[in-house]
Amino acid sequence: TTAPRVLFVGGSGKSGSTLLGSLLGRRSGLFNGGEMNLFWGKWLDPGERCGCGTRLDECPFWSAVVAEVGAAGVEPQRMAELAARLDHTRRLGRVLSRRLSGTVSGEWAELAAGTGALYRAAFRHSGASWLVDLSKIPTHLLLLRELRDAELRILHLIRDGRAVAYSWERKRRRAKAGGSEGDGMYRHPSVAADMGIWLVQNFAIDSIARHVDHSTRLKYETLTAAPGDELSAALRRIGMAAAEASDADGTSEAWDHAVGGNDRVRFAPAGTAITPDEAWRRELSPWQIRLW
């Protein structure tokens, strides 16, 4: 059995993790798996595409991974059901408090076992030194800590909370206008909820990361200002200096096998320049910038 080595990207939604995953995936020895906490639900969705451009359930890489995991008795439908109920920020309090009922505790262990099988298979088939996981949410980080054979390192990606709230608000406006909700993430009722979730997720990731030997923070704003230098410095801080940069750090070329994420970033044309998304600074009023 291959023990996985996982580089986990933590933080809140709308923080730029798809871009970070693209940059990481172009470095030596790193395989970008994308938002692996959502893998089973997306595997069962016939409309879902892999980062390579094919339907996810027809992707040769992930088909081989699922076949191996299935042979070990892991059922995609069951894993999708467990992940949807347990691996979510709304379950964080109960998971952290350890006040789980016997049923939930047993299901959590079942989900951890299936997650471990998925990561071991993906890591082995990738042939990489590290599997990059963009799941971000703290419950999934807790799941990974259950994998006793895994080596875990953490990049905590932090974006200005006002930018995150603005991104969610823009998504709500599109939905109200009849536009597509895109990635299916729309569920926050207000800016106050956006900011509350941003705070909880980042605080929880930071708290958990304190108990992991190799972890560091990385700001979205500094990453987009100098992608190559900032990412190299962050990797050095967690003992991964061997992950050498490609010669394309200033552009976005995200063709890989990443699951989920922002499609505009995942499928950006080759050579797209990386620039910080700061529309919130231009479009929010001065009082909103102060209050948010």
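Definitions and limits used
The written sequence of each chain sets the order in which its residues are numbered from 1. Owing to the predicted nature of the model, reporting of local features is limited to residues with pLDDT of at least 70; listing and counting of side-chain atom pairs is limited to 80 or more, with chain, interface and lining totals taken over all residues. With hydrogens and water stripped out, all remaining heavy atoms of the structure feed into the side-chain values. Ring pairs shown here join Phe, Tyr and Trp side chains whose ring centres sit within 6.5 Å, with only the six-membered ring taken for Trp; geometry is labelled stacked below 30 degrees between planes, edge-to-face above 60, and tilted in between. Each residue gets one of three labels from its accessible area relative to the maximum for its type: buried under 20%, exposed over 50%, partly exposed in between, using a 1.4 Å probe on protein chains only. Every helix listed is a DSSP run of H or I at least four residues long, and every strand listed is a run of E at least two residues long, numbered separately from the N terminus. Only when the NZ of Lys or the CZ of Arg is both within 6 Å of the ring centre and within 35 degrees of the ring normal is a charge said to sit over the ring. Grid points spaced at 1 Å and placed over the protein atoms alone form the basis of the search, with a cavity being a set where a 1.4 Å probe fits but cannot get out and a pocket an open set showing protein on both sides within 12 Å along at least five of seven lines. Lining residues have an atom within 4 Å of a point. Grid points are joined across faces, edges and corners, and a volume is the space filled by probe spheres set on the points. Amino acid classes used here: Ala, Val, Leu, Ile, Met, Phe, Trp, Tyr, Cys and Pro are nonpolar; Asp, Glu, Lys and Arg are charged; the rest, including Gly, are polar. Counted as salt bridges are all cases of a side-chain nitrogen of Lys or Arg within 4 Å of a carboxyl oxygen of Asp or Glu. Pairs of N or O atoms within 3.5 Å make up the polar contacts considered here, provided that, within protein, one atom can donate a hydrogen while the other can accept it, and that residues adjacent in sequence are counted only when both atoms are side-chain atoms. Only heavy atoms matter for contacts: two residues are in contact if any of them lie within 4.5 Å across the pair. In this scheme, strands are said to pair when DSSP sees at least two bridges between them. pLDDT gives the predictor's per-residue confidence on a scale running from 0 to 100.

### With respect to the packing of aromatic side chains
- Going through the model one piece at a time under the given rule, you end up with five aromatic pairs.
- An angle of 80 degrees between the planes, with centres 5.0 Å apart, marks the rings of Phe 39 and Trp 40 as edge-to-face. The residues Phe 39 and Trp 40 share a single accessibility class, namely buried.
- Considering the side-chain rings of Phe 39 and Trp 62, the 4.8 Å spacing of their centres and the 40 degrees angle between planes classify their relative orientation as tilted. Here Phe 39, found in helix α2 (residues 39-43), pairs with Trp 62, found in helix α3 (residues 60-71); they are 23 residues apart in sequence, far enough to count as distant. For the pair shown, Phe 39 and Trp 62 are each scored as buried.
- Following the ring pairs from residue to residue traces out a cluster consisting of Phe 31, Phe 39, Trp 40, Trp 43, Phe 61 and Trp 62.
- The ring centre of Phe 267 lies 3.9 Å from the NZ or CZ of Arg 49, which sits over that ring.

### Details of empty space enclosed by the protein
- The final tally for this structure, using the stated rule, is three cavities of 30 Å³ or more.
- Reported here for the largest cavity is a volume of approximately 60 Å³.
- Along the walls of the largest cavity sit Met 36, Asn 37, Phe 39, Trp 40, Ala 83, Asp 87, Leu 111, Thr 115, Leu 118, Tyr 119, His 140 and Leu 143, which together make up its complete lining.
- Looking at the lining of the largest cavity, the elements that each hand over two or more residues are α2, α6 (102-126) and α7 (138-145).
- No other element matches α6, which puts four residues into the lining of the largest cavity.
- For the lining of the largest cavity, a count of residues per class yields eight nonpolar, three polar and one charged.

### Structural notes on the pattern of salt bridges
- Counting across every chain of the model gives 16 salt bridges.
- Between Glu 110 and Arg 78 there is a salt bridge; the shortest N-O distance is 2.9 Å. Of this pair, Glu 110 sits in helix α6 while Arg 78 is found in helix α4 (residues 76-86), placing the two residues 32 residues apart along the sequence.
- By relative accessible area, Glu 110 is classed as partly exposed at 31%.
- Residue class for Arg 78 comes out partly exposed when judged on its relative accessible area of 26%.
- For the salt bridge of Arg 153 with Glu 151, the shortest nitrogen-to-oxygen distance reads 2.8 Å.
- Judged by relative accessible area, which is 30%, Glu 151 ranks as partly exposed.
- One salt-bridge network, in which partners are shared between bridges, spans Lys 42, Glu 48, Asp 263 and Arg 266.

### Quick word on the side chain of Ser 135
- Tracing the chain through its elements places Ser 135 in strand β3 (residues 130-136).
- Take Ser 135: its relative accessible area is 2%, and that puts it in the buried class.
- Of note is the side chain of Ser 135, whose polar atom sits 3.4 Å from the backbone nitrogen of Met 36.
- Beyond its immediate chain neighbours, meaning those up to four positions away, Ser 135 contacts Phe 8, Val 9, Gly 34, Glu 35, Met 36, Asn 37, Tyr 119 and His 140.

### Some words on the pairing of strand β4 (residues 151-158)
- Counting buried positions over the eight residues of β4 gives six, a clear majority of the element.
- Two strands pair when backbone bridges link them, and strand β1 (residues 5-10) and β4 are joined in this way by six bridges, in the parallel orientation. Directly across from Arg 5, in β4, lies its bridge partner Glu 151.

### Looking at the confidence of the model for the protein chain
- Averaged over all residues, the pLDDT of the protein chain equals 85, while 82% of them reach at least 70.
- Per-element confidence in the protein chain ranges from a low mean pLDDT of 50 for strand β6 (residues 251-252) to a high of 98 for β1.

### Quick notes on α7
- Counting buried positions along α7 gives seven out of eight residues, so the element sits mostly inside the fold.
- By the burial criterion, the buried members of α7 are Pro 138, Thr 139, His 140, Leu 141, Leu 142, Leu 143 and Leu 144.

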